[in-house]
Amino acid sequence: MNYVEKLSHSAVLGAAGKMGSGITLLLATEMVDLSLKPENKDRLFRLHAIDISAKALQGLQDYLRAQLLRIAEKKAVALRAVYLNRHDLIENRDIIRQYVDDAMRLISFSTRAESAYDAHLVFEAAVEDVDLKVAMIRQIEENSAGEPWYLTNTSSIPISELNEQCSLDGRIVGFHFYNPPAVQRILEYVAPAGTRDDLADFSLKLAASMRKVVVKANDFAGFIGNGFLMRDILFGIDMAMKLTEDTGFTGAVYAVNRVSNDFLLRPMGVFQLMDYVGIDVCQKIMKVMSERLDNPGLHSPLIDRLIALDVTGGQYSDGTQKPGMFSYAKGKISGVYDPDLQNYVPLDDVKVTADKYTGPLPETFKPWKEVIRIKDRGEILARHFDALKKMDSPGSVMAMEYLRNARAIGLGLIADGIANSAEDVNTVMMTGFYHAYGLINDFAGD
């Protein structure tokens, strides 16, 4: 089968989830664009959106319609040429509505995996649970008349493990989008030894058509993104626990988050990012990595305790942030969780004392939002970190320690064969995590 034939009958497992919804949107957009080409006018395109929750699938339909409308509005001029022979479509609004209807018509919504049995291409976007992923793929394999290809969005499970457990003979690749998939440009791509050449060619063509920046990671648990993030989170937790004696737990959490955010010029502090990913998701990823990398240090008793207290983070269905290490009001941190009190301490009760402890930011400080807009920012970054090195406040000392550890993590990913180069590590951090600079840099030196 060629590219169009393979893509024309696709399925997404976990389609209504946080990642699956974005993947479904990307596929629907690619498929409707192909279907509107004259050479494909007689070809049937089908996309099965499959999820266990009927309610979530209803929400998915609303999400897809809203997003497809935005996409159509942005390319209304180009769509006039696509619908040139449709003389009933006069106004832009008519063309836009038709495009959305054409895309939605390709999609069927189901709570049953049977819908994927005849698909040529299956995207797997279920939760990070190897047993669940294997069970879903095996079910399709046992009932499929053909040999479908699988693109898995796993962010931590080795692809070769899924390939072996499901007896796929190289018919699966790692196709790890970052959240949200429709916005994030990065794609971590994992094709272990034995991957079929035609699948590799197809999947890279699809990534290019989706305009993704592809970084090829090697087949180790956690890959590049989570290989960094989980270790970075554990370092932050360790730093906070050591600081607790001086500032109390909530003050330590706030201080480390502020240092990893403002002092390091990152878009989020480490604990706010952990909340965004989901504390429970981080626990699952760490477990996968710990077992497969034979590293029992990839574990946090604090995370276990938070989850036992039902403090999980993550997002609500409307995209707003659930409480985790922090509580949130209108998207901003409003409180810090105290496991002993089992409640959130108001931010105002924590901030003043913790800020006094960490000390001021350098006079050269510019917030991340301002720095990230500057294309040639090397001089600004150098001034910022040079100023930090000359300061002796607890905050500046913590920031430089954090920076050096982050660089060590990046170098470790290369040394362990997970990443192929410093450029790949830095691309993941700057494109996927929106950092203002790469992990492997000269700022951490003495």
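Cut-offs used in this document
- Residues numbered from 1 in each chain as written.
- Predicted model: local features only at pLDDT ≥ 70, side-chain atom pairs only at ≥ 80, totals over all residues.
- Heavy atoms only, no water.
- Helix = DSSP H or I, 4+ residues; strand = E, 2+ residues; numbered from the N terminus.
- Rg over C-alpha atoms; globule rule 2.2 N^0.38 Å.
- Buried < 20%, exposed > 50% of the residue type's maximum accessible area, 1.4 Å probe, protein only.
- Pairing = 2+ DSSP bridges.
- Right-handed = clockwise from strand over helix to strand, strands pointing away.
- Phe/Tyr/Trp six-rings, centres within 6.5 Å; stacked < 30°, edge-to-face > 60°.
- Axes fitted to C-alpha atoms, helices over the stretch in contact; angles between N-to-C directions.
- Contact = heavy atoms within 4.5 Å.
- Core = buried A, V, L, I, M, F, W, Y, C linked by side-chain atoms within 4.5 Å.
- Parallel < 35°, antiparallel > 145°, perpendicular 65-115°, else oblique.
- Nonpolar A, V, L, I, M, F, W, Y, C, P; charged D, E, K, R; others polar.

(A) A look at the overall build of the chain. For the chain, the helix and strand inventory stands at 18 helices and eleven strands. The globule rule puts the C-alpha radius of gyration for 446 residues at 22 Å, and the 23 Å found for the chain is close to it. Considering only C-alpha atoms, the chain reaches an extent of 70 × 50 × 40 Å along its principal axes. Across the 446 residues that make up the chain, the buried fraction comes to 54%.

(B) Structural view of the pairing of strand β6 (residues 172-177). Counting buried positions over the six residues of β6 gives six, a clear majority of the element. Bridge count for strand β5 (residues 149-152) against β6 is three bridges, and the pairing is parallel. Across the sheet, residue threonine 152 finds its bridge partner in β6, namely glycine 174. Between the parallel elements β5 and β6, the chain passes through helix α7 (residues 159-165) in a crossover that is right-handed. Pairing analysis gives four bridges linking β6 to strand β7 (residues 186-190), with the strands arranged antiparallel. If you follow phenylalanine 175 over to β7, its bridge partner there is tyrosine 189.

(C) Region of interest: the packing of aromatic side chains. One pass over the full model with this rule turns up 13 aromatic pairs. Measuring from ring centre to ring centre gives 6.5 Å for phenylalanine 326 and tyrosine 328, while their planes differ by 85 degrees; the resulting arrangement is edge-to-face. Given a relative accessible area of 0%, phenylalanine 326 falls into the buried group. Among the aromatic residues, ring-to-ring pairing joins Phe123, Phe175, Phe177 and Tyr189 into one connected group.

(D) Region of the structure containing unusual backbone geometry. Cis geometry marks the peptide bond from asparagine 179 to proline 180; its omega dihedral reads -5 degrees. By secondary structure assignment, the location of proline 180 is in the loop between β6 and β7. The phi dihedral of aspartate 169 falls on the positive side, at around 55 degrees, and the residue is not glycine. Of note, the phi angle at lysine 330 is positive, near 55 degrees, even though the residue is not glycine. Within the secondary structure, lysine 330 is located in the loop between β9 (326-329) and β10 (332-338).

(E) Representation of the sheet that holds β10. Spatial ordering of the open sheet is given by β9-β10-β11, a layout of three strands whose pairing is antiparallel. In this open sheet, the two strands that pair with only one neighbour each are β9 and β11 (343-346). Shown here is a sheet whose adjacent strand axes are inclined to one another by a mean of 40 degrees, direction ignored. Strand direction decides the pairing type here: β9 and β10, joined by four bridges, are antiparallel. Of the residues in β10, the one forming a bridge with tyrosine 328 is isoleucine 333. On the sheet, helix α11 (residues 270-277) packs against β9 and β10 and is oriented at approximately 75 degrees with respect to β9.

(F) Structural detail: the nonpolar core. Residues Phe228, Ile233, Val256, Phe271, Met325, Phe385 and Tyr437 are the most contacted members of the largest nonpolar core, which totals 99 residues. Considering every element that reaches this core, the biggest residue donor is helix α9 (residues 225-247), with ten residues.

(G) A look at the packing of helix α10 (residues 249-263) against α11. At their nearest, the axes of α10 and α11 sit 6 Å apart, and the two run at 95 degrees to each other. The angle between α10 and α11 places the two elements in the roughly perpendicular class. Where α10 abuts α11, its residues Val253, Val256, Asn257 and Ser260 lie against Val270, Phe271 and Gln272. Among the residues forming the contact of α10 with α11, the class breakdown is four nonpolar, three polar and no charged.

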